[in-house]
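This is what each chain is made of:
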Amino acid sequence: MELIQLNPSIPRQRRRIEQFLDDNGLRLDDVDYYAALVDETTDEIVAGGGLKGGVIKCVAVADGHKGETVANQIVSHLIAHANADGHQCVKLFTKPQNQKMFESMSFRLLAEAPKAILMETGIGGIKRYSEELESEKGKVKSEESNSKLHHLNPSTPQPIMPQSGIIIMNCNPFTLGHRYLIEQAAQQVQTLYILVVREDCSMFGYDERKAMIVRGVAHINNVVVCDGSEYSISATTFPTYFLKSLSDASDTQMTLDIDLYRRHIAPALDATVRFVGTEPDDPLTRRYNELMKSMLPDVREVARLQQSGVAVSASRVRKAIVENHLALAARLVPPTTVPYIAAHLATRALKAELNTTPKPGLVDTHDSGAHRDMDHALMMRSIRAMHPYFVRLATLGYDSPKLPAHDDIVSIGLEAEKAMFKSTGGVNTYKGALFSMGLALTAATYIIGRGKVATTTHGKEYVPGDLLSAIIIQLANGFPDTRGTHGSQAKQAAQAGGSLKSALDNAREGYSQLFGEWLPFYETRIKGDDSYVKHKTLLRIMCDLDDTNIVYRTDYDTMLNVKTLARHLLEDFSEAGIDDLNRDFVSRNISPGGSADMLALVVFLFGITRKD
């Protein structure tokens, strides 16, 4: 027998895997790695199995070989491969009738459903996580607040409350509805444990979601927020390759998840109550609640919080974020969630600029413009690398009782810059944007945190542009004149040709052109549903901005020429005209990178300051 690797991403090898599994009554599931034992004389697959991270999938043995040790050989190989990739504990979903076979290979049963079981082997695993949860017991902040929280009257006999309860939450992001559920549940138990879903397939990452919850429940003294784990069996992690009917998948996945909870999670925290919100809309979540009630001793549903007759939901917040509307999102979340939303708007603004296609001389989804060391994937990677630092800047602004300290801003900015360079292999993709966006983001969340927002006649709160500009000026004045940057070198080169404003100069003016001209230009075209709003706003910025990036790469006269060309194209706009300008800029090594940074800033500030 020969052990070989088959690559599911190569069509011919994928078809071979699929045929082998089909012959054995299975389907190919999502795997990164697939190993097969092949009969060298016939070239037929005798046994095979795959891996997705630390989960073994799609193990099969051909007829005529089921009594042999080939299954053990494949599984041992997959365990070793997973261990080498850093997975000390390896999991396996399989049919119930395979339990004894895998127990003989040192796998332990974690959870079972009528049509599937979950097993694991290796170091740590559910035992270690249970021990981590046990260490959280008794970590309530104080007993003092319980009388307030539970509204107890000392003269009235009170029923004995359960010692502890659990809520398992994703919080993508943390909303007023989540906070309401926690507040209601906390009044019904002595200690309430919040377990954060660790699986990262959400708009907000795990660390952000947990931090939002911790901040949002700081006022409730009998709540303990615990680390989540990989022991959450969701629709994205549960494989279906061994189920005869895909219609069985949802109930099987949910039953496994609930069984794992009642066997391991609840006992670790001595929890006798599970709290959930009612689900009027999503049939899968409603079914999950029904299964919990049938499998667990005490499941309590809390009616969803509503605003104007509509349930508050994280999906509504995400919709507002996609629509670039902070004021709309802020009405649905606790104030402590707002800086996280603002950070996402900043990141999304950078992506919006990057994805605007076509652009002259700049990286977009079609080409790399005048940049030989960058492409779309590299730029996107660097945006992702900077995002955690936008979150830190946003929370710094929000938490600061007085204007954020210059050194604190610089410290986070330098860490973000280091992360950017690490993600790009040393290529400077967004150093300028990091400065301008970081400054504006910190200023905006400082205003929000101090409660200095304005309110429309309809009760919507927004960040006023004039105040935002003033705070940016105060923050920018803390920065010394730069030396050695592209902007400072461009200013020196331009002395013979004329005056030139650097990025710092524009910030010290509170981005007066942006607030006075470019933002109103963008807003007018957004309201008019102009499909080329970002293209035209970029050209509008190019007409005015002293783009030091152009001067650094070429010279001062070329920058003046770019302003003229942008004005002409804006007056007679066409997509073909942008394509022509792109070819011209590529041939002359022109990249209006400063204008691109300002376009991203316009998009962000529109989302922060918009009222309607």
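Residues numbered from 1 in each chain as written. Predicted model: local features only at pLDDT ≥ 70, side-chain atom pairs only at ≥ 80, totals over all residues. Heavy atoms only, no water.

The next thing to look at is the overall build of the chain. What the chain contains, in helices and strands, is 24 helices and 16 strands. Expressed as lengths along the three principal axes of its C-alpha atoms, the size of the chain is roughly 85 × 85 × 40 Å. Across the 612 residues of the chain, 53% fall into the buried class. A separation threshold of at least 6 residues defines the contact pool for the chain, and within that pool the share at least 24 residues apart is 71%. Here the chain contributes 67 positive and 74 negative side-chain charges, whose respective centroids are spaced 4 Å apart. (Helix = DSSP H or I, 4+ residues; strand = E, 2+ residues; numbered from the N terminus. Buried < 20%, exposed > 50% of the residue type's maximum accessible area, 1.4 Å probe, protein only. Contact = heavy atoms within 4.5 Å. Lys, Arg positive; Asp, Glu negative; His and termini not counted. Charge placed at Lys NZ, Arg CZ, Asp CG, Glu CD.)

For the rest of this paragraph, the subject is the packing of aromatic side chains. If you walk through the whole model with that rule in mind, you get five aromatic pairs. Taking 5.3 Å as the distance between ring centres and 90° as the angle between the ring planes, the aromatic pair formed by Phe-435 and Phe-479 counts as edge-to-face. Separated by 44 residues along the polypeptide, Phe-435 in helix α15 (residues 431-449) and Phe-479 in the loop between α16 (465-476) and α17 (486-493) bring together distant segments of the chain. The class for Phe-479 is buried, based on a relative accessible area of 15%. Here the basic side chain of Arg-274 rests over the ring of Tyr-261, its NZ or CZ set 4.5 Å away from the ring centre. Above the face of the Phe-521 ring, Arg-525 is positioned so that its terminal group lies 3.6 Å from the ring centre. (Phe/Tyr/Trp six-rings, centres within 6.5 Å; stacked < 30°, edge-to-face > 60°. Lys NZ or Arg CZ within 6 Å of the ring centre and 35° of its normal.)

With that settled, the discussion passes to the pairing of strand β12 (residues 299-302). Pairing of strand β11 (residues 273-277) with β12 involves four bridges; the strand directions are parallel. Bridging across to β12, Val-276 finds its partner in Glu-301. Note on the crossover from β11 through helix α9 (residues 283-295) to β12: the handedness is right-handed. (Pairing = 2+ DSSP bridges. Right-handed = clockwise from strand over helix to strand, strands pointing away.)

Here we come to the state of the cysteines. Put plainly, two cysteines are in a disulfide when a covalent bond ties their sulfur atoms together. Counting across every chain of the model gives zero disulfides. Free cysteine: Cys-58, not disulfide-bonded; nearest cysteine sulfur from Cys-89 at 19 Å. Sulfur of Cys-171: no disulfide; nearest cysteine sulfur belongs to Cys-226 and is 13 Å away. (Disulfide = S-S within 2.5 Å.)

Before going further, it helps to examine the sheet that holds strand β9 (residues 191-196). The strands that make up a sheet are held in pairs by hydrogen bonds between backbone atoms, and each pair lies either parallel or antiparallel. Spatial ordering of the open sheet is given by β10-β9-β8-β11-β12, a layout of five strands whose pairing is parallel. In this open sheet, the two edge strands, each paired with only one partner strand, are β10 (223-226) and β12. Taken over all neighbouring pairs, the strand axes of this sheet differ in orientation by 25° on average, direction set aside. By the bridge criterion, six bridges tie strand β8 (residues 164-169) to β9 in an arrangement that is parallel. Its bridge partner being in β9, Met-169 is matched across the sheet by Val-196. Contacts from helix α6 (residues 176-186) reach β8, β9, β10, β11 and β12, with the element oriented near 170° to β8. Contacting β8, β9 and β11, helix α8 (residues 249-268) crosses the sheet at an angle of about 120° to β8. (Axes fitted to C-alpha atoms, helices over the stretch in contact; angles between N-to-C directions.)

Moving on: unusual backbone geometry. A cis amide bond links Asn-172 to the next residue, Pro-173, at an omega of 5°. Located in the positive-phi region is Ser-106, a residue other than glycine, with phi close to 80°. Structurally, Ser-106 can be placed in the loop between α3 (99-103) and β6 (108-113). Phi at Asn-324 is positive, roughly 60°, even though this residue is not glycine.

Now for the sheet that holds β6. Here seven strands make up an open sheet; going across it, the order is β1-β2-β3-β4-β5-β7-β6 and the pairing mixed. Looking at which strands have only one partner, the edges of the open sheet turn out to be β1 (2-6) and β6. In this sheet, neighbouring strand axes are inclined to one another by 25° on average, regardless of whether the strands run parallel or antiparallel. Pairing of strand β2 (residues 33-39) with strand β3 (residues 44-52), which is carried by seven bridges, proceeds in the antiparallel orientation. Pairing of Ala-35 across the sheet is with Gly-49, part of β3.

Contact geometry of helix α19 (residues 512-527) with helix α20 (residues 533-544) gives a least axis separation of 9 Å together with a crossing angle of 155°. Between α19 and α20, the crossing angle belongs to the class labelled roughly antiparallel. Between α19 and α20 the crossing geometry is right-handed. Contacts between α19 and α20 pair Gln-513, Glu-517, Trp-518, Phe-521, Tyr-522, Arg-525 and Ile-526 from the former with Val-533, Lys-534, Lys-536, Thr-537, Arg-540, Ile-541 and Asp-544 from the latter. In terms of residue class, the contact of α19 with α20 is built from six nonpolar, two polar and six charged. (Parallel < 35°, antiparallel > 145°, perpendicular 65-115°, else oblique. Left-handed = near helix turned anticlockwise from the far one by under 90°. Nonpolar A, V, L, I, M, F, W, Y, C, P; charged D, E, K, R; others polar.)

The predicted model of the chain has a mean per-residue pLDDT of 91, with 91% of residues at 70 or higher. Overall, residues 143-152 carries pLDDT values under 50, and its contacts beyond four positions in sequence, including any with other chains, amount to 16 contacts. (pLDDT = per-residue confidence, 0-100.)

Judged by how many residues are buried, strand β5 (residues 89-94) sits mostly within the fold: six of six residues are covered. Burial along β5 is two-sided: the face carrying Cys-89, Lys-91 and Phe-93 and the face carrying Val-90, Leu-92 and Thr-94 are both buried. With two bridges joining them, strand β4 (residues 55-61) and β5 adopt parallel strand pairing. Looking across to β5, one finds that Val-55 is bridged to Lys-91. Pairing of β5 with strand β7 (residues 116-122), which is carried by six bridges, proceeds in the antiparallel orientation. The partner of Thr-94 across the bridge, within β7, is Ile-117.

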